[in-house]
Amino acid sequence: MSARAVVTAILLGACLQATAGTLVAHVVGKDGMPVEDAAVVLEPLAGGAGVRPVKAEIAQQDREYMPYLTIVPRGTVVEFPNRDPFKHHVYSFSPAKVFEIKLYAGKAAQPVVFDQTGEVALGCNVHDWMEAYVLVVNSNHYAKSGTDGHAMIGAVPPGRYSLRLWHPRQRAEAPAQDIEIGADTRALQLVLDVAPRVARPKPPPDAEDY
Amino acid sequence: MAFHSLQHRIVVVFVGLLLLVMTLVLLLVRHSDERIVAAEMERGLDAGSVVFTRLVEHNSAALESAAALLAADFGFREAIATLDRPTMRSVLRNHGLRIGAEVMMVMEPAGPVIAETQRRGDPHRFPFPDLFDKARAEGSSVGYQFMNDGRLYHMVLVPVLAPKLIAWVAMGFPVDDRWAATLSQMTGLTVSVIRREAGQTMVLASSLEEEQRVALAAALAAMPDGKVLTFNRERYQTRLLPLGSTAVVALQRSLDAAEAPFRSMQIALLVMALAGIAVFAAGSVLFARHIASPVNQLTAAARRIAAGDYDEPLPTLAPDEIGALARSFEHMRDGIATRERKILKLAYEDALTGLPNRTWFLETFATLPPDAPAAIAVLDIDRFALINNALGHPVGDRLLAEVGARLARVVTAPALVARLWGDEFAFLLRDADQATARAFAETLLAALHAPISLDDQRVDVEGSLGIALFPADGRDATTLLRRAELAMSRAKCTHAGYAFAAEVNGEPPHEQLSLIGEMRAALAGQEFVIHYQPKLHLPSGRIVGVEALLRWQHPQRGLVAPANFIPFAEQTGFIREITPWLLERVAEQTALWHGRGLSLVASVNLSAHDLLNPQLPEHMRLLLGAHALPPDSLCLEITESALMEDPDLALHHLSQLAALGLKLSIDDYGAGQASLAYLKLLPVHEIKIDRSFISCVTVSPKDAAIVQSTIQLGHALGLSVVAEGTEHAADLAWLRQRGCDIAQGYGIARPMPAQDLPAWLGKYTPDIPAANPPRLLRT
């Protein structure tokens, strides 16, 4: 299925909700190529209603964080399940949320509450190449761009919003822009200067561990 | 410098060749050593450079690892994330201590310094922007940087990730002497870090000693890119590598140290070569001496032989080539000695008598000391010609040999007896004065007195001795011999047995040789004149003829006697020109006299040369015709010796001359050796008795006897007899009394020019003897 077909399908679906608008953003780099893992957030300008926390999970599997980027509303509790047969040590020195969890294999861990907006960079003290990002936002309208660079935010009540674009490897922060969301679907082309993801050296898995 | 000695040449050539070879070997060794050292130096520097570069890379990697390790430390990251500066500094110090880093800093991702070990104070930016840019671009960076303390640091800059970049951590290791020493140890090269700035060259760190660094800085300043630097009297092969952007590393190796083992080897080789040359030189000297010594011995022997010393035999040498040469020399010495004895015998001995000859005599005289008196005596056997004629030459020779033997017995060394020629012997008496010489003469004559027997025939031998004393009578052998001969003639005349030269008049100067060349000019210049000596007919007392005598009126020498130039004219053939002239003049003069009524017979002397000339008779005929002369008005005088040169031809010509009607006369009769048998055949009209007999006729009974018998012989053969050299009235009277036909001599008249003759004749009183009536002349 082509990207155009997907966009058409999303637009058709949005037309069914007559009282809510939909934003479809296409995030590209300076070179015009689609950018994955970009966060597109709509924050209501007019004193938005209370933010509802959601459930989220960042797993450690195959010595990687899954997923790479997680966008959560403020107050969300995030689970950190360890699906590897060895220990991980999740930490964050980000001001928005400083914490560390020593995760033992197969052992349930205490979830972490992200009650402050901001960016949180997660590392593993045991595996230097493991990284993940959590963007804590003061909104429930957000989306993460896929491999094709598309991010769709649906069921957005019509009104004025501040559109924020963020990426963990962005070279410079894109300025927020005001946007009017109606009952229809709005498509936007967004450009962000993002550094390419540099794969950090990762040793091959130890056979004994499996 | 030329070497004339074989020994020197051998030594010089051998030692010189060895010297040349050794020099070449040493040069070759030196050259190849230099090449080996150069190659080894290059190789060492190459390897050292590679090691150095690798070590520096390794250091950088290690430094980076250490920094990365620090950057990954959870506590450190936590301290940075929480901006916990005291913790950060504490960690930095702890870590720096652990890995030996002197400089450690933590920077914000954008650059400002958060914490550092160097100083505390205001925040500032990381001081090495280029290093920072490089780290941002490449993740991390390593480089060599100067800090503001003027020192050079090996800096590493790594990110601190959590997992996003939260900071940079920088670590610096000082590039100091310890650093240089460590690298020097590992590379095997001296390591110096050089800073070149604003025309100044500084050594920042080095494995060299302090004083060497100063020297190195100076050398590098002088030669910025020098491959070989010399400082502190040592040469260093140098390789320069950049260290960071502002510093340079000089990697060096001492050439002198590398060459040292080769040097000592070369010195050992040189010592060996010199020792070898010394041994070789000594060996060559011995060898050359071994060769040259026999050669020198041979040379000495050859010199002795050259000097005439044949007595010493040659040394016996080793049986090699030179020994063979010595043996050949020995044979040569024998041969030369034998031949020289033979040659000396031939040269110095008279073959007939075995006595020394004239040469030996003259040479012995020459060896006499110039101031010692000596005497030379000449002995002539009396009447030897007669003995020879009477008994024949073989007997004459045997007689001479016998006389020689007898003389040899009488004369004892150091006196010397020699045979000069014919029957003439000479004696040399050393240290002899007149008395000694007189005693010797008497002894000698006494010894000769005893008769000699030859084939049972007794021969009485008598001799006359003339003695000349050195130096009174002359200083040279020739003069002394001639004067002794003159004295001998006197002794013979006087029958005194011996006479001294001092008693006889001195001789005329002999200038003959120089006269020869002048004779031709003399003939043309009319220097020759003819004098006429009257001939007295004894029985009648009248002048019947004249003898034409040639005189040479020399412009400088005055009158030259015929005896002093005629013999040479005969020898040179010039007589052929003189005689026709003489004959012409005489014929002319005779014709003139005849015209005036003076009927004189003119005698002309002919030489042997003239007599044997086949044109003579024809010439005479023409001459007589030309002057209309009666043939018998000319008389040709021929000496006995002239006849004897070719008796047959002489007889032939004389017959022709006689046929013309010319008168013929035999001159100097008795002095020559013509036999009576031959004389008998000759168509002559007169004989002239030799003046030597006439001069002594009144004192010597023997001469008187000879003259008397000769007159009788002449008359018996129908010849007219003429006596020459009559000087005294007594002689004249004696001759007249004995029946001599004609006399001639100073006693009658000296030779005179033609124009004086008529006057002389006019004054001449005819010497007519009262007792004896004049005899008729056969002519």
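Look up a bit, the structure's there.
Sequence positions are assigned chain by chain, starting from 1 and proceeding in written order. Chain letters start at A and ligand numbers start at 1, both assigned in the order the entries are written. It should be noted that, the model being predicted, local features are given only for residues of pLDDT at least 70 and side-chain atom pairs only at 80 or more, the latter also being counted only at that level, while totals for whole chains, interfaces and linings use all residues. For side-chain calculations, the full set of non-hydrogen atoms in the structure is used, while hydrogens and water are omitted.

Asker: Kindly report on the sheet that holds strand 9 (residues 234-243) of chain B, identifying the contributing residues and their values.
Answerer: Residue and element names in this part refer to chain B. We treat two strands as partners when DSSP finds at least two bridges between them. Secondary structure counts use DSSP, requiring at least four H or I residues in a row for a helix and at least two E residues in a row for a strand, with both numbered from the N terminus. Taking strand neighbours across the sheet as the criterion, the five strands line up as 7-6-10-9-8 in an open arrangement whose pairing is antiparallel. Across the chains shown, the open sheet's two edge strands, defined by having one partner strand only, are strand 7 (200-206) and strand 8 (228-231). The mean angle between the axes of side-by-side strands here comes to 40 degrees, regardless of whether they run parallel or antiparallel. Pairing geometry for strand 6 (residues 190-197) and strand 7, over six bridges, is antiparallel. Note that in strand 7 the partner of Ile-194 across the bridge is Val-203. Between two residues, a contact is recorded if the distance between any of their heavy atoms is within 4.5 Å. Here an angle of 0 to 180 degrees is reported between the N-to-C directions of two axes, which are lines fitted to C-alpha atoms, with helices fitted over the stretch in contact. Docked against the sheet, helix 1 (residues 6-72) engages strand 6, strand 9 and strand 10 (247-254), running at close to 30 degrees with respect to strand 9. Taken strand by strand, helix 5 (residues 177-187) contacts strand 6, strand 7, strand 9 and strand 10, and its axis lies near 135 degrees from that of strand 6.

Asker: So what about empty space enclosed by the protein? Which residues, and what values?
Answerer: Regions of empty space are outlined by a rolling probe, equal in size to a water molecule, passed over the atoms. Residues and elements named next belong to chain B. A 1.4 Å probe that fits but cannot get out identifies a cavity on a 1 Å grid over protein atoms alone, an open set with protein on both sides within 12 Å along at least five of seven lines counts as a pocket, and a residue lines either if it has an atom within 4 Å of a point. Grid points are joined across faces, edges and corners, and a volume is the space filled by probe spheres set on the points. Counting across every chain of the model gives three cavities of 30 Å³ or more. In this structure, the largest cavity encloses a volume near 60 Å³. Residue lining of the largest cavity: Arg-30, Asp-33, Glu-34, Val-37, Glu-259, Phe-262, Arg-263 and Gln-266, and that is the complete set. Along the lines of polarity and charge, the residues of the lining of the largest cavity split into two nonpolar, one polar and five charged. Estimated volume of the second largest cavity: approximately 50 Å³. As for the second largest cavity, its lining consists of Ile-666, Tyr-669, Leu-679, Val-684, Ile-687, Leu-713, Gly-714, Leu-717 and Leu-719. For the lining of the second largest cavity, a count of residues per class yields eight nonpolar, one polar and no charged. Note on residue categories: nonpolar means Ala, Val, Leu, Ile, Met, Phe, Trp, Tyr, Cys or Pro, charged means Asp, Glu, Lys or Arg, and polar means any other residue, Gly included.

Asker: Before we move on, can you summarise the sheet that holds strand 13 (residues 424-430) of chain B with the specific residues and values?
Answerer: Residues and elements named next belong to chain B. A sheet is described by the order of its strands in space; here five strands give the open sequence 12-13-11-16-17, paired in mixed fashion. Two strands lie at the open edges of the sheet, namely strand 12 (416-421) and strand 17 (498-500), each paired on one side alone. When the angles between neighbouring strand axes are averaged without regard to direction, this sheet yields 20 degrees. On the sheet, helix 11 (residues 393-410) packs against strand 11 (374-381), strand 12 and strand 13 and is oriented at approximately 10 degrees with respect to strand 13. Of the strands in this sheet, strand 11, strand 13, strand 16 (463-470) and strand 17 are in contact with helix 12 (residues 434-449), which crosses strand 16 at around 160 degrees.

Asker: Go over the pattern of salt bridges with me, naming the residues and quoting the values.
Answerer: Residue and element names in this part refer to chain B. Note on definitions: salt bridges are taken to be side-chain nitrogens of Lys or Arg within 4 Å of carboxyl oxygens of Asp or Glu. Enumeration over the complete set of coordinates arrives at 31 salt bridges over all chains. For Arg-419, the salt bridge is made with Asp-350, and the minimal N-O distance between the two is 3.1 Å. Taken together, the residues span a long stretch of sequence, with Arg-419 in strand 12 and Asp-350 in the loop between helix 8 (321-348) and helix 9 (358-366) at a distance of 69 residues. Accessibility assignment for this pair places Arg-419 and Asp-350 in one class, buried. The shortest N-O distance in the salt bridge between Lys-492 and Asp-382 comes to 3.5 Å. Residue Lys-492 is found in helix 13 (residues 477-494), and its partner Asp-382 is found in the loop between strand 11 and helix 10 (384-391); the two are separated by 110 residues along the sequence. Judged by relative accessible area, Lys-492 falls into the partly exposed class, the value being 25%. Remark: exposure states derive from per-residue accessible area (1.4 Å probe, protein chains only) relative to the maximum for the residue type, with buried under 20%, exposed over 50%, and partly exposed in between. Since its relative accessible area comes to 12%, Asp-382 is described here as buried. The network of salt bridges with common partners includes Lys-535, Glu-547, Glu-637, Glu-686, Lys-688, Arg-691 and Glu-724.

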